[in-house]
Amino acid sequence: MSKKSANFYVTTPIYYVNDKPHVGHAYTTIMADVFARYQRKLKGKENVFFLTGTDEHGSKVAKSAKSRNLSPQEFADVISDEYKKIWKHLDISYDEFFRTTDPRHETVVQDYLQQLYDKGFIYKAKYKGLYCIGCEKFLPFDEIINNACVYHPNTPLVEQEEENYFFKLKDFSSAVLDEIKKQSYKILPIERENEIVSKIKGGINDVSISRSGVSWGIPLPWDKSQTVYVWVDALLNYYSATKIYPDREKFWPPSLHLMAKDILWFHALVWESLLLANKLNLPKVIFAHGFFTVDGQKMSKTLGNVIDPETLVNEYGSDATRYLLISSFSFGNDGDISLEKFKEKYNSDLANGIGNLVARIAKLCETSDFDNTNILTNEFSSEVLKFMDQYRPDEAIKSIWKRIADFDRIIGEDKPWQLEPDKLKTKLHSYIASVLGIASDLEPFLPKTSDAIIKIFNQNKIRKPDSIFPRKS
Ligand code: MSP
């Protein structure tokens with residue numbers, strides 16, 4: 001990740017408003033927040049743009065709205081507010097919350113597609129295939145197992161035949177491959193890049209960019225009987241956001257698009273081709289993380305195992321929820337989470353780990369009548385810099401926890417309570433410098449904890465605080 005370039009623009013997928021947010025959406029958004037906070041500290045607030053939002057058009061949203069007797073717009077308003085609420089509770093520091101029903105976006109999308117149409121990159125044709133409303137796409141053969149979608153096995157596939165407008169995706173695939181080869185555009189982790197490259201080399205079809213039977217969408221400017229395919233509308237949010245909000249144009253192209261592997265194809269090829277067709281620079285990095293299950297099972301309403309992030313925040317608070325999600329599995333691989341494991345991890349890593357360390361050092365300071373002259377460090381450790389540069393926030397946070405464990409052990413070996421006053425003071429100075437270093441490293445990950453530690457140790461008279469992570473029984 002380049003620290004030299006002046007601007008950093010990070011995005012999350014924009015989430016469908018067919019249902020309220022779950023912990024999978026929270027995971028990607030927390031990771032994006034970590035990158036945004038990290039870069040703000042390196043580059044300054046004004047040089048970072050963090051975009052998230054909601055994807056509000058399409059048949060899936062229209063269908064959910066209908067089942068609740070609301071208009072799609074009313075329903076989108078309710079669910080997008082749910083997203084905003086949980087992001088607030090998780091301390092997500094987005095700069096803009098994007099909604100695809102924003103009329104300014106609708107104009108950008110129409111203008112964009114009109115340009116492609118005028119350039120001859122769009123044509124009309126018949127399409128027949130199996131449509132998955134969960135994915136909002138016609139499924140390719142390799143995503144159908146036992147006549148069902150791999151990601152939405154309980155959603156029946158619908159055979160559809162339509163006359164749609166198509167974008168000449170095939171015409172751009174070799175140009176996209178060239179960009180990947182030059183590494184001016186990267187897909188991470190590398191295994192994902194290999195997957196995409198071999199899929200492109202295996203041959204691809206043009207892609208439909210409009211729907212004739214879906215009224216809840218943006219009308220095509222040259223044929224109002226069709227609406228823009230929800231995926232094209234949604235991808236263009238990343239571009240629109242730099243157009244419709246003042247002073248954002250400087251952020252183009254995006255530095256980092258985050259998502260899970262389920263939606264990599266659209267992001268890794270369709271999006272770049274749409275951009276190349278309008279001669280726009282490609283994003284620098286697309287990172288597709290893994291998918292997680294809950295207690296070994298796919299999260300699903302039918303199984304009743306969907307975890308609401310609000311429940312986690314109520315139980316543990318925002319920082320602990322962030323910690324548990326960031327550190328529970330490796331960024332980029334599939335993983336599994338469980339509420340039982342969360343509790344154990346909370347007690348061992350937060351209550352006994354950082355919570356205990358802070359209390360221990362503060363108590364030593366308080367009981368030895370110590371005057372603090374330490375100055376807050378605002379730098380990241382070399383380990384955090386290294387792992388964030390490799391797009392590994394999970395490893396970065398692990399490195400902080402390793403330091404916490406080592407630190408605890410060293411205090412045990414030092415036996416500061418046996419030292420004479422002068423030696424003890426020198427020791428405490430070094431402890432406080434280290435704990436403030438940890439607070440600085442923690443800032444992108446656990447912003448409240450970082451602040452709390454700084455408040456405790458960045459003052460002259462240090463007092464033992466109430467436990468920052470009380471044990472859970
Ligand atoms: N609306 C599209 C995205 C358009 S972006 C231009 C969409 N929305 S979604 O609501 O289905 O969100 C999918 C994303 O949610 C995944 O890519 C991932 O970021 C997150 N996750 C949803 N479930 C998840 C897991 N079980 N595990 C990890 N991430 C998960 O697709």
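See the structure above.
Residues numbered from 1 in each chain as written. Predicted model: local features only at pLDDT ≥ 70, side-chain atom pairs only at ≥ 80, totals over all residues. Heavy atoms only, no water.

Some words on the nonpolar core
The tendency in soluble globular proteins is for nonpolar side chains to be buried as a group. One finds Ile354, Ile361, Trp401 and Phe457 to be the most contacted residues of the largest nonpolar core, which totals 89 residues. Per element, the largest residue contribution to this core is eleven residues, and it comes from helix H12 (residues 339-367). Not counting residues within four places of it along the chain, the set of residues in contact with Ile361 comprises Phe407, Ile411, Tyr431, Ile432, Val435 and Phe457. Of all hydrophobic cores here, the second largest spans 63 residues; its members include Leu116, Tyr245, Trp252 and Met259. (Core = buried A, V, L, I, M, F, W, Y, C linked by side-chain atoms within 4.5 Å. Buried < 20%, exposed > 50% of the residue type's maximum accessible area, 1.4 Å probe, protein only. Helix = DSSP H or I, 4+ residues; strand = E, 2+ residues; numbered from the N terminus. Contact = heavy atoms within 4.5 Å.)

Quick notes on the side chain of Thr52
Following the sequence through the fold, Thr52 ends up in strand E2 (residues 48-55). Of the polar contacts made by the side chain of Thr52, one reaches the side chain of Thr12; its length is 2.6 Å. When sequence neighbours within four positions are dropped, the list of residues in contact with Thr52 reads Thr12, Pro13, Ile14, Tyr15, Thr29, Trp87, Tyr94, Glu96, Phe97 and Phe98. (Polar contact = N/O pair within 3.5 Å; in protein donor to acceptor, adjacent residues only side chain to side chain.)

Regarding unusual backbone geometry
That bond from Leu188 to Pro189 is cis: its omega, -10 degrees, falls within 30 degrees of zero. Geometrically, the link from Trp252 to Pro253 is a cis peptide bond, its omega value of 0 degrees lying close to zero. With respect to the helices and strands, the residue Pro253 is situated in the loop between helix H8 (237-244) and strand E14 (256-260). One non-glycine residue with positive phi stands out, namely Gln183, at about 60 degrees. Note on placement: Gln183 falls in the loop between helix H5 (170-182) and strand E9 (186-188). Judged by relative accessible area, Gln183 falls into the partly exposed class, the value being 34%. Unusually for a residue other than glycine, Asp295 sits at a positive phi of about 50 degrees. Here Asp295 is to be found in the loop between strand E16 (292-294) and helix H10 (309-316).

What to know about the pattern of salt bridges
One pass over the structure, following the stated rule, counts 35 salt bridges. A salt bridge links Arg211 to Glu162, with the shortest nitrogen-to-oxygen separation between them at 3.0 Å. Residue Arg211 is found in strand E11 (residues 210-211), and its partner Glu162 is found in strand E8 (residues 158-167); the two are separated by 49 residues along the sequence. Accessibility assignment for this pair places Arg211 and Glu162 in one class, buried. Where Lys182 meets Glu179, a salt bridge forms, and the shortest distance between an N and an O atom there is 3.3 Å. (Salt bridge = Lys/Arg side-chain N within 4 Å of Asp/Glu carboxyl O.)

Concerning the site of the ligand
Taken together, 23 residues are adjacent to the ligand, and Ile14, Thr28, Asp55, Ala260 and Asp262 come closest. Here an oxygen atom of the ligand and a backbone polar atom of Tyr16 are 3.1 Å apart. No other element matches strand E1 (residues 8-16), which puts four residues into the shell around the ligand. Of the residues assigned to the shell around the ligand, the class counts are 14 nonpolar, seven polar and two charged. (Near = heavy atom within 4 Å. Nonpolar A, V, L, I, M, F, W, Y, C, P; charged D, E, K, R; others polar.)

So, to be careful, I would describe these as geometric facts and stop short of saying anything about function.
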